[in-house]
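Residue-level structural notes
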Amino acid sequence: MTASAHRQELYTVEQVRALDRHAIDDLGIPGYELMERAAAAALVCLREHWPHARRMAVYCGVGNNGGDGFLLAALAREAGLQAAVVALGDSRGDDAERAREAYERGGGEVLSWEGQDELPDAEVQVDALYGTGLQRALAPEVAQLVRQIRASGRPVLALDVPSGINADTGEAPGEAIRADVTISFIAAKRGLYTGQAPGYTGQLQLDGLGLPAALWQGREADAVLMQPAALPPRPRQSHKGDNGHVLAIGGEHGTAGAIRLCGEAALRAGAGLVSVATRAEHLPALNSARPELMAHAVDGPQALEPLLPRATVLAVGPGLGQGAWGHALWLTALDAGIPLVLDADGLNLLAQEPRKFHGLAVLTPHPGEAARLLGRDTASISADRFAAVRELARRYDAVVVLKGAGSLVADPTGHVALCPWGNPGMASGGMGDLLTGIVAALLAQGCSLWEAACLGVGLHARAGDLAARRGGERGLIASDLLEPLRGLLNGRES
Ligand SMILES: NC(=O)C1=CN([C@@H]2O[C@H](COP(=O)(O)OP(=O)(O)OC[C@H]3O[C@@H](n4cnc5c(N)ncnc54)[C@H](O)[C@@H]3O)[C@@H](O)[C@H]2O)[C@H](O)CC1
Ligand SMILES: [K+]
């Protein structure tokens, strides 16, 4: 496994092809040699994960991904392993044809496969059907093969991309290979880290195929993969005034939980002071449960206005509702000219009354809220999350977090950062309220919009992973994250 400096950069398929061409044309490394290196790296990976496996079945497509598979099978046979190859059809392209010939010349046999044929008996199955060349959903007969591969219950090693996954967007337009391990070559394809892809890649490994670092220098990447980070230690003489004042606004009749979680998260993420502006009925519960939260009864804008001058950051939306009360507070907050984090109903109100924030806001939509903000359906957001988050940041002139597996952060200039952490246990109520409070607290402590959004998303997801590791993903609730969050914020992993 080649550790490579470029691993934190993410590329589109087109950019990966340009890297391949650069390696071939400018560094003089033939495409076939890249294929040989890919096959060698795949065999090392296979033996790392399944050291006792003696029999493998390699499923080869007609292109270069299939070529990788043929050369892997040839190397495996040379190493004394049994390798059966099932081919989808005749190989297309010089390198793929040459790879197939090399396999057959070494005595390898190619099995054809029709609809209901039994699959070869194997301890490990290798997916070399499609890689970065996938252009649409798998054909029905290939989808059937994929289902049979899954039904066999045998582990799967996917080469470069799990077949059926779009390496640009992370979408599975139809059936797709669920791999136990995916080994991806040369550069990290952005689609493998977001959307549906993380559910299909299994453990994702990257191998730079021994290419010189010069290959990536100065080459355009599309996004960056977030790296673990924390806030710098607090100065000894720090006092609460130094760490900002978050004013959280929300909590329509009967919905105190969201704004309370938001406020608690802001406290746990280090804000110096946290106030909550909400309906009067919620004050007794708030004050008894969390006296550190200064709760204010706010029945309209005239009661909110005196609180604004003391606030350095606003967190607007958790449980706000879209009625007259919520709308009036929302308008007052947005017109205050104070940096803010907008979430939940604050975003739904924005979808109805769009405005640009000119670098004063972080928006934190989930795909459904993003769809409303763009006037599209949720499916189109999931079909290309990178395009959607960039369009949101540009249209609203704000830093935008598009939540979901592989959360994305974009700024209005098009920079995108991708969060590789998080787990399905976090798809539960209140997690978004937590994130809003965390981002607001980081802004209050002096982070820029971009830093607060990236660090906030990363801390939130890593806290979710720590909490899930301790007690499992099922039944994970937002408040479970508060303690791990505090540790991570202070640079402690456990
Ligand atoms: N130097 C390099 O480029 C290296 C590439 N490597 C491997 O090559 C694949 C990409 O190979 P490519 O031939 O471009 O495409 P695929 O093998 O992924 O796909 C084959 C072929 O299939 C057609 N196709 C696409 N989608 C469908 C579909 N749904 N149904 C039917 N047919 C479809 C399309 O014409 C494709 O061209 C890359 O992933 C690497 O595995 C080496 O590993 C490194 C060097
Ligand atoms: K594949």
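Residues numbered from 1 in each chain as written. Chains lettered and ligands numbered in written order. Predicted model: local features only at pLDDT ≥ 70, side-chain atom pairs only at ≥ 80, totals over all residues. Heavy atoms only, no water.

By the naming in an unreviewed UniProt entry, the chain is Bifunctional NAD(P)H-hydrate repair enzyme, taken from Dyella solisilvae. Looking at the Subunit (unreviewed entry) heading of the UniProt record, one finds this comment for the chain: "Homotetramer." (UniProt positions renumbered as here; feature names shortened; annotations may be inferred.)

A look at the site of ligand 1
Around ligand 1 lies a shell of 20 residues, among which Asp 20, Asn 65, Asp 68, Gly 131 and Asp 160 are the nearest. Between an oxygen atom of ligand 1 and a main-chain N or O atom of Asn 64, the distance comes to 2.9 Å. With respect to ligand 1, the backbone of Thr 132 contributes an N or O atom lying 2.9 Å from an oxygen atom. The protein chains hide 83% of the 850 Å² of surface that ligand 1 would expose on its own. When contributions to the shell around ligand 1 are tallied by element, the ones reaching two or more residues are helix 1 (13-26), helix 2 (31-49) and helix 3 (64-78). It is helix 3 that provides the largest number of residues to the shell around ligand 1, a total of 3 residues. Residues that form the shell around ligand 1 fall into these classes: 8 nonpolar, 7 polar and 5 charged. (Near = heavy atom within 4 Å. Polar contact = N/O pair within 3.5 Å; in protein donor to acceptor, adjacent residues only side chain to side chain. Areas by Shrake-Rupley, 256 points an atom, 1.4 Å probe, with all protein chains shown as cover. Helix = DSSP H or I, 4+ residues; strand = E, 2+ residues; numbered from the N terminus. Nonpolar A, V, L, I, M, F, W, Y, C, P; charged D, E, K, R; others polar.)

Some points on the pairing of strand 13 (residues 294-297)
Bridge count between strand 12 (residues 273-278) and strand 13: 4 bridges; the pairing is parallel. Its bridge partner lying in strand 13, Thr 278 is registered against Ala 297. (Pairing = 2+ DSSP bridges.)

A short note on the pattern of salt bridges
Side-chain pairs of opposite charge can arise where the charged atoms are in close proximity. Throughout the structure, instances matching the rule amount to 22 salt bridges. Glu 175 is the salt-bridge partner of Arg 150, the closest N and O atoms lying 2.7 Å from each other. Residue Arg 150 is found in helix 5 (residues 140-151), and its partner Glu 175 is found in the loop between strand 6 (156-159) and strand 7 (181-185); the two are separated by 25 residues along the sequence. You can call Arg 150 partly exposed: its relative accessible area is 34%. (Salt bridge = Lys/Arg side-chain N within 4 Å of Asp/Glu carboxyl O. Buried < 20%, exposed > 50% of the residue type's maximum accessible area, 1.4 Å probe, protein only.)

Overview of the UniProt feature "binding site: AMP" (unreviewed entry) in the chain
Under the UniProt annotation, "binding site: AMP" (unreviewed entry) lies at Lys 403, Gly 404, Ala 405, Gly 406, Ser 407 and Gly 432. Within the secondary structure, Gly 404 is located in the loop between strand 17 (399-402) and strand 18 (408-410). The exposure class of Gly 404 is partly exposed, given its relative accessible area of 39%. For Ala 405, the location among the structural elements is in the loop between strand 17 and strand 18. Contact partners of Ala 405, with chain neighbours within four places excluded, come to Thr 194, Gly 195 and Arg 385. (Contact = heavy atoms within 4.5 Å.)

Brief notes about the coordination of the potassium ion (ligand 2)
Between any two of four tetrahedral donors, the ideal angle at the metal is 109.5 degrees; between two of six octahedral donors, it is 90 or 180 degrees. At 2.6 to 3.2 Å from the potassium ion (ligand 2) lie its protein donor atoms, namely Asn 65 (OD1), Asp 127 (O), Asp 127 (OD), Tyr 130 (O), Leu 159 (O), Val 161 (O) and Ser 163 (OG). Mapped onto the sequence, the residues coordinating the potassium ion (ligand 2) show the spacing N-x61-D-x2-Y-x28-L-x1-V-x1-S. Here the residue Asn 65 occupies a position in helix 3, and Leu 159 occupies one in strand 6, the gap between them amounting to 94 residues. Residue Leu 159 is classed as buried on the basis of its relative accessible area of 0%. (Donors = N, O, S within 2.8 Å, 3.2 Å for Na, K, Ca; no water.)

Focus on the side chain of Ser 184
Along the chain, the position of Ser 184 falls in strand 7. The exposure class assigned to Ser 184 is buried, which follows from its relative accessible area of 2%. One polar contact links Ser 184 to Lys 189, side chain to side chain, over a distance of 3.0 Å. Discounting chain neighbours no more than four positions away, the residues touching Ser 184 are Asp 160, Lys 189, Leu 192, Leu 204, Gln 205, Leu 206 and Asp 207.

Section: the domain arrangement of the chain
Partitioning the chain into structural domains gives domain 1 (3-223) and domain 2 (240-489). Computed from C-alpha coordinates alone, the two centres of domain 1 and domain 2 are separated by 40 Å. Between domain 1 and domain 2, the contact holds 10 residues from the first and 11 residues from the second. Here domain 1 packs against domain 2, burying approximately 900 Å² in sum over the two surfaces, 57% of which is carbon and sulfur. Our enumeration of links across domain 1 and domain 2 arrives at 2 salt bridges. A salt bridge links Asp 222 to Arg 390, with the shortest nitrogen-to-oxygen separation between them at 3.3 Å. Summed over the shared surface of domain 1 and domain 2, the number is 6 residue pairs in polar contact (both at pLDDT 80 or more). Of the residues contributing to the side of domain 1 that touches domain 2, the split by class is 3 nonpolar, 3 polar and 4 charged. (Domains from an automatic or database assignment. Buried area = accessible area lost by both parts, 1.4 Å probe.)

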